[in-house]
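What follows is the residue order along each chain.
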Amino acid sequence: MTENGTVRAPAAVPVVEVEDLTVRVRRGSTLLTLVEGLSYQVAPARSLAIVGESGAGKSIGIRAVLGLLDPRRFEVTGTVRLAGVDLATLPKAKRRGLVTSVASLVFQDPTRSLNPTMRVGPQIAEAMLAGSGRPDEAAGEPAVGRAEARRRSVELMRDVGIAAPEERYFAYPHELSGGMRQRIVIAIALACQPKVIFCDEPTSSLDVTTQAAIIDLLDGLRESRSIGTVVVTHDLALAASRAEQVLVMYGGQAVETLPAKGIARTSRMPYTQALIRAVPDVGTPGRPPRPIEGLPPDPRTPPPGCAFAPRCEHVRDDCAEERPALVEVSTGHSVRCWHPVAVTGQETTAANLPAARQPEVTR
Ligand SMILES: Nc1ncnc2c1ncn2[C@@H]1O[C@H](COP(=O)(O)OP(=O)(O)OP(=O)(O)O)[C@@H](O)[C@H]1O
């Protein structure tokens, strides 16, 4: 209740909340850390892009959230809440059901997600008929029957921009273009009426025009169906132009998280700035992209201090000594860096950070 007596609408429950997610893989008698202390949340109809070079831990991170990693090989710790439910509080059997009813995953390569021997429409209907694809059951209504699943699948095909869906329902995947196949994959992802869709490089196997069309489609669905999206991508330009919040990963950790708007001006982490400089800027032909020199850290030999220090052009002696913590520098903007860089290229002293949030010393 507010001071003038009006009732304030409750804040929407995030569709996904990840807290302190750490993933280790067993290698012989040792455990290698692939993702460490990852935290983020996404509200309904909001979008987060997770960006970073190959091997940063983006894909392993989302697979861990969705419980897709083999527990015999991977050790996953931390908290994952989907639509407000902490997965750890559910018995194993119910956990899978909740994940599949709340979250969907769209992979990079649609040909690998689709069954090549099955017509595309029935693949959507199958997803709907699977246990999680019975949205009416929760409301006490009967489960979807085959005829209804087929009718809804045709509707979904239309919703994802497939023309003449009644005919294409019977097409095999190889009879469709790459963009059409990815639309089918998105229709399958929608079949369970998810609250959040995770997309792992959803457009990198497609040509540029089709990429834009697929991203437009995902944006439209996010708004019209109030679905949260988490998009994993190498493409910082894509992330910055289409997501609301960007989380930059390096060496298995979040190194900067910030609003996407104006990221080129607002970023404070030298790694994010290096990623921005590596993007070809078609608007300024005189300024060629600058690839980041050197290689990301190997999880077998993690550096003792800041993981980016060996490649950072702003590195100082103390950077390689201890690992910096992720520190909030303004609302919605956190940086893991001992000497965050200001927009002008000048380094910010730790004294410029809020006193209670000085980078912690973690050994
Ligand atoms: N199945 C696996 N078993 C063991 N280690 C793995 C496995 N999959 C990935 N890794 C390791 O985990 C780390 C993170 O990989 P991940 O695929 O999450 O990176 P990424 O940021 O998604 O990169 P890319 O964009 O190339 O997919 C890498 O060091 C990788 O070698």
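Residues numbered from 1 in each chain as written. Predicted model: local features only at pLDDT ≥ 70, side-chain atom pairs only at ≥ 80, totals over all residues.

Engineer: Would you mind going over the environment of Thr79 in detail, with residue names and values included?
Structural biologist: Looking at the secondary structure, you find Thr79 in strand β4 (residues 74-82). When the 14 C-beta atoms within 10 Å are taken as the criterion, Thr79 is described as partly exposed. (Helix = DSSP H or I, 4+ residues; strand = E, 2+ residues; numbered from the N terminus. Buried ≥ 20, exposed ≤ 12 C-beta atoms within 10 Å, placed from the backbone.)

Engineer: Explain helix α4 (residues 120-129) residue by residue, including any values.
Structural biologist: In an α-helix there are 3.6 residues to a turn, and that puts residues three or four apart on one side. With eight of ten residues buried, α4 lies mostly within the body of the structure. Restricting attention to buried positions, one finds in α4 the residues Val120, Gly121, Gln123, Ile124, Ala125, Ala127, Met128 and Leu129. Among the structural elements, α6 (146-159), α7 (165-168) and α8 (178-190) are those in contact with the buried residues of α4. (Contact = placed C-beta atoms within 7 Å.)

Engineer: Break down the pairing of strand β2 (residues 30-42) for me, with residues and values.
Structural biologist: Judged from the nine bridges that link them, strand β1 (residues 16-27) and β2 form a sheet pairing that is antiparallel. Looking at the pairing, Glu17 lines up with Gln41 of β2. Where β1 folds back onto β2 in an antiparallel hairpin, the turn is made up of two residues, including Gly28, whose phi is positive at roughly 60 degrees. (Pairing = 2+ DSSP bridges.)

Engineer: Tell me about the packing of α8 against helix α9 (residues 208-225), residues and numbers included.
Structural biologist: Packing of α8 against α9 leaves a shortest axis separation of 10 Å and a crossing angle of 20 degrees. Viewed along their axes, α8 and α9 adopt a mutual orientation that is roughly parallel. As for how α8 packs across α9, the hand of that crossing is right-handed. Taking contact as the criterion, the partners of Gly178, Gly179, Gln182, Arg183, Ile186 and Leu190 in α8 are, on α9, Thr210, Ala213, Ile214, Leu217 and Leu221. Considering only residue class, the contact of α8 with α9 consists of six nonpolar, four polar and one charged. (Axes fitted to C-alpha atoms, helices over the stretch in contact; angles between N-to-C directions. Parallel < 35°, antiparallel > 145°, perpendicular 65-115°, else oblique. Left-handed = near helix turned anticlockwise from the far one by under 90°. Nonpolar A, V, L, I, M, F, W, Y, C, P; charged D, E, K, R; others polar.)

Engineer: Break down the sheet that holds β1 for me, citing the residues and quoting the values.
Structural biologist: Taken in spatial order, the four strands of this open sheet run β2-β1-β4-β5, and their pairing is antiparallel. If you trace the sheet from one side to the other, it starts and ends with β2 and β5 (85-86), each paired once. Bridge count for β4 against β5 is two bridges, and the pairing is antiparallel. Considered in β5, the bridge of Arg81 is made with Asp86.

Engineer: Break down the sheet that holds strand β3 (residues 47-51) for me, citing the residues and quoting the values.
Structural biologist: Read across the open sheet, the eight strands follow the order β6-β7-β8-β3-β9-β10-β12-β11; overall the sheet is mixed. Strand pairing shows two members of the sheet lacking a second neighbour, β6 (103-106) and β11 (327-330), which therefore form its edges. The sheet shows a mean angle of 25 degrees between the axes of neighbouring strands, taken without regard to direction. Examined bridge by bridge, β3 and strand β9 (residues 245-250) share four bridges and lie parallel to one another.

Engineer: Got a sec to walk through the site of the ligand? Specific residues and values, please.
Structural biologist: Near the ligand you find Val25, Leu34, Gly52, Ser54, Gly55, Ala56, Gly57, Lys58, Ser59, Ile60, His234 and Pro299, and these make up its full shell. It is helix α1 (residues 58-65) that contributes the most residues to the shell around the ligand, three residues altogether. The residue inventory of the shell around the ligand, partitioned by class, reads five nonpolar, six polar and one charged. (Near = placed C-beta within 6 Å.)

Engineer: Report on the nonpolar core, specifying residues and quantitative values.
Structural biologist: Of all hydrophobic cores here, the largest spans 91 residues; its most connected members are Ile124, Ala187, Val196, Val246 and Val248. Per-element tally for this core: the top contributor is α8, with eight residues. (Core = buried A, V, L, I, M, F, W, Y, C linked by C-beta atoms within 7 Å.)

Engineer: With reference to specific residues and values, describe the environment of Ile197.
Structural biologist: Along the chain, Ile197 falls in strand β7 (residues 196-200). Linking Ile197 and Val185, residues twelve residues apart in sequence, is a C-alpha distance of 12 Å.

Engineer: I'd like a description of the pairing of β6, backed by residues and values.
Structural biologist: Side-chain alternation along β6 places Ala103 and Leu105 on one buried face and Ser104 and Val106 on a second face that is also buried. When β6 meets β7, the two strands line up parallel, connected through four bridges. Its bridge partner being in β7, Ala103 is matched across the sheet by Val196.

Engineer: Can you tell me about α1, naming the residues and giving the values?
Structural biologist: Most of α1 is tucked away, with seven of its eight residues classed as buried. Residues Lys58, Ser59, Ile60, Gly61, Ile62, Ala64 and Val65 constitute the buried set of α1. Positive backbone phi, approximately 65 degrees, marks Gly67, located one or two places after α1.

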